Amino acid sequence: MAQGVNIDGVLVTWGDRLFYPGNRVVKGAPAPKLRGDAAARRAATIRKRIEATVLRRVPQVMIKVTGGGRGMQAIAAHFRYISKNGRLQIEDQRGETLRGKEALRDLADEWRFGGSLIPEAAEPGHRREAFNIMLSMPRGTDPLAVQRAAREFAQAELADHKYVMVLHDHQANPHVHLSVRAESIHGKRLNPRKADLHCWRETFAEKLRGYGIDAEASLQATRGQRRSFEPLWRINAREDGRLRADHSDAVGGAPAYAARAVTAEAWMHIGRALALSGDAADRKLAQAVVNFVQGMPHVQGQGTVGDRSRIGQADVHQAPGSERMPSR
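For clarity, every value in this text was computed on a predicted model and none was experimentally measured.

## Describing the overall build of the chain
- The helix and strand tally for the chain stands at 12 helices and six strands.
- Among the 328 residues that make up the chain, the fraction classed as buried is 45%.
- Within the chain, contacts between residues at least 6 apart in sequence are counted, and of these 70% link residues at least 24 apart.
- Approximately 16,900 Å² of the chain is accessible, and the part contributed by carbon and sulfur atoms is 50%.

## Some words on the pattern of salt bridges
- Tallied over the entire structure, the rule returns 17 salt bridges.
- Among the ionic pairs, E110 bridges to R94, the shortest N-O distance being 3.4 Å. Here E110 is found in helix α4 (residues 101-113), whereas its partner R94 is found in the loop between β2 (90-92) and β3 (97-98), with 16 residues between them in sequence.
- For E110, a relative accessible area of 26% gives the class partly exposed.

## Quick word on the environment of R17
- Within the element layout of this structure, R17 appears in helix α1 (residues 7-19).
- Separated by 249 residues in sequence, R17 and A266 have C-alpha atoms that sit 7.2 Å apart.

## So, the nonpolar core
- Ranked by internal contacts, the top residues of the largest apolar core, which has 28 residues, are F153, L158, L178, F204 and L208.
- At the level of elements, β4 (130-136), α5 (143-157), β5 (163-168), β6 (175-181) and α6 (194-209) are the ones that each hand at least two residues to this core.
- The residues touching L158, leaving out its near neighbours within four places in the chain, are F153, Y163, L178, V180, L190 and W200.
- Residues L11, L18, F19 and L274 belong to the second largest nonpolar core, which totals 22 residues.

## Observations concerning the sheet that holds β3
- Overall, antiparallel pairing links the six strands, which are arranged β1-β4-β6-β5-β2-β3 in an open sheet. If you trace the sheet from one side to the other, it starts and ends with β1 (62-67) and β3, each paired once.
- Sheet topology note: the β4/β6 ladder contains seven bridges and is antiparallel. Paired with L135 across the strands is V176, a residue of β6.
- Along the sheet, α6 makes contact with β1 and β4, crossing β1 at roughly 130 degrees.

## Notes on the confidence of the model for the chain
- Mean pLDDT for the chain: 81, with 74% of residues reaching 70 or above.
- Predicted confidence for residues 24-32 stays below pLDDT 50, and this span has 13 contacts to residues more than four positions away or in other chains.

## Describing the environment of W200
- By secondary structure assignment, the location of W200 is in helix α6.
- Owing to a relative accessible area of 5%, W200 belongs among the buried residues under this scheme.
- The spatial distance from the C-alpha of W200 to the C-alpha of L135 is 9.7 Å, given a sequence separation of 65 residues.
- W200 has contacts with I63, V65, I133, F153, E157, L158, L190 and P192, leaving out every residue within four places of it along the chain.

## Things to note about the packing of aromatic side chains
- All chains considered together, the criterion is met by five aromatic pairs.
- Relative to W267, the ring of F19 lies with its centre 6.2 Å away and its plane at 90 degrees, an arrangement referred to as edge-to-face. Taken together, the residues F19 in helix α1 and W267 in helix α9 (residues 254-275) connect sequence positions 248 residues apart.
- By relative accessible area, which is 0% here, F19 ends up buried.
- Given the relative accessible area of 0%, W267 is considered buried.
- Considering the side-chain rings of W267 and F292, the 5.3 Å spacing of their centres and the 65 degrees angle between planes classify their relative orientation as edge-to-face. You can see W267 sitting in helix α9 and its partner F292 sitting in helix α10 (residues 280-294), a full 25 residues away along the chain. Here W267 and F292 have matching classes, each one buried.

Each value, and the rule that gives it
Residues numbered from 1 in each chain as written. Predicted model: local features only at pLDDT ≥ 70, side-chain atom pairs only at ≥ 80, totals over all residues. Heavy atoms only, no water. Helix = DSSP H or I, 4+ residues; strand = E, 2+ residues; numbered from the N terminus. Buried < 20%, exposed > 50% of the residue type's maximum accessible area, 1.4 Å probe, protein only. Contact = heavy atoms within 4.5 Å. Areas by Shrake-Rupley, 256 points an atom, 1.4 Å probe, with all protein chains shown as cover. Salt bridge = Lys/Arg side-chain N within 4 Å of Asp/Glu carboxyl O. Core = buried A, V, L, I, M, F, W, Y, C linked by side-chain atoms within 4.5 Å. Pairing = 2+ DSSP bridges. Axes fitted to C-alpha atoms, helices over the stretch in contact; angles between N-to-C directions. pLDDT = per-residue confidence, 0-100. Phe/Tyr/Trp six-rings, centres within 6.5 Å; stacked < 30°, edge-to-face > 60°.

Listed below in structure tokens is the structure:
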């Protein structure tokens, strides 16, 4: 290892910013608080996530909240939609399965009266009584593994709620539809935010890896992407030929550019630290980081992220053991 450079410390400090942004509560680049074996284990985890992102380009899980009913009329309609009007098997939070139109009617009654009463047709502005969630993986993923991982995800994240899930494996991307009653058995209401969705993605990816499926849950900025995903209603409208206007998938604006600038800085610190390592695998990973960052989109007012990455490109080829610190 290069003298004066705590490589594991750099990986933990900047890797947390890339892969675990919700855990970051300090500004600047302070030394990580982890010590000894704990720091080494954390750094090893960060290395695995870096490798998955820049070398293996592991598929990303997708979780979207596609809507939610404010009354039983809308909730029951969603039950019919995800089950293809009772033709597909529905599984509930107890692991029990049901099928058929009569079973759907019984399910609707159970939700209507299983807690605070859900009105048949809600007034405008009424709170959501259910949330519709979709968990998806790219084409080629084993649908049964997706279903099992989704089941374990729901058991972990939605344990106190009524929910039903249905696997859709007849389309290009295998996915599971989850409908969750907003009110838990303890009266607490579900209200998923952006940070919750990121945690959900992390859980879903972990469950998939448990079934041997390569899956990651990093943020778009970490991957150098800037896409927004179409809502489900727009996808369905396109399939039915009812869509009148195209959707732009580019995400712009000052917040998006700022996030990509922070990401670029984190990747540069990580690449430089790995380049100074005495481990050949680390130096190989450093070169992969440089190649990855050079392919990232523009950062407003700073040229391309790839241009900025060349600042540390010489470090990748630096002989291990050098005392020169990375330039800033």
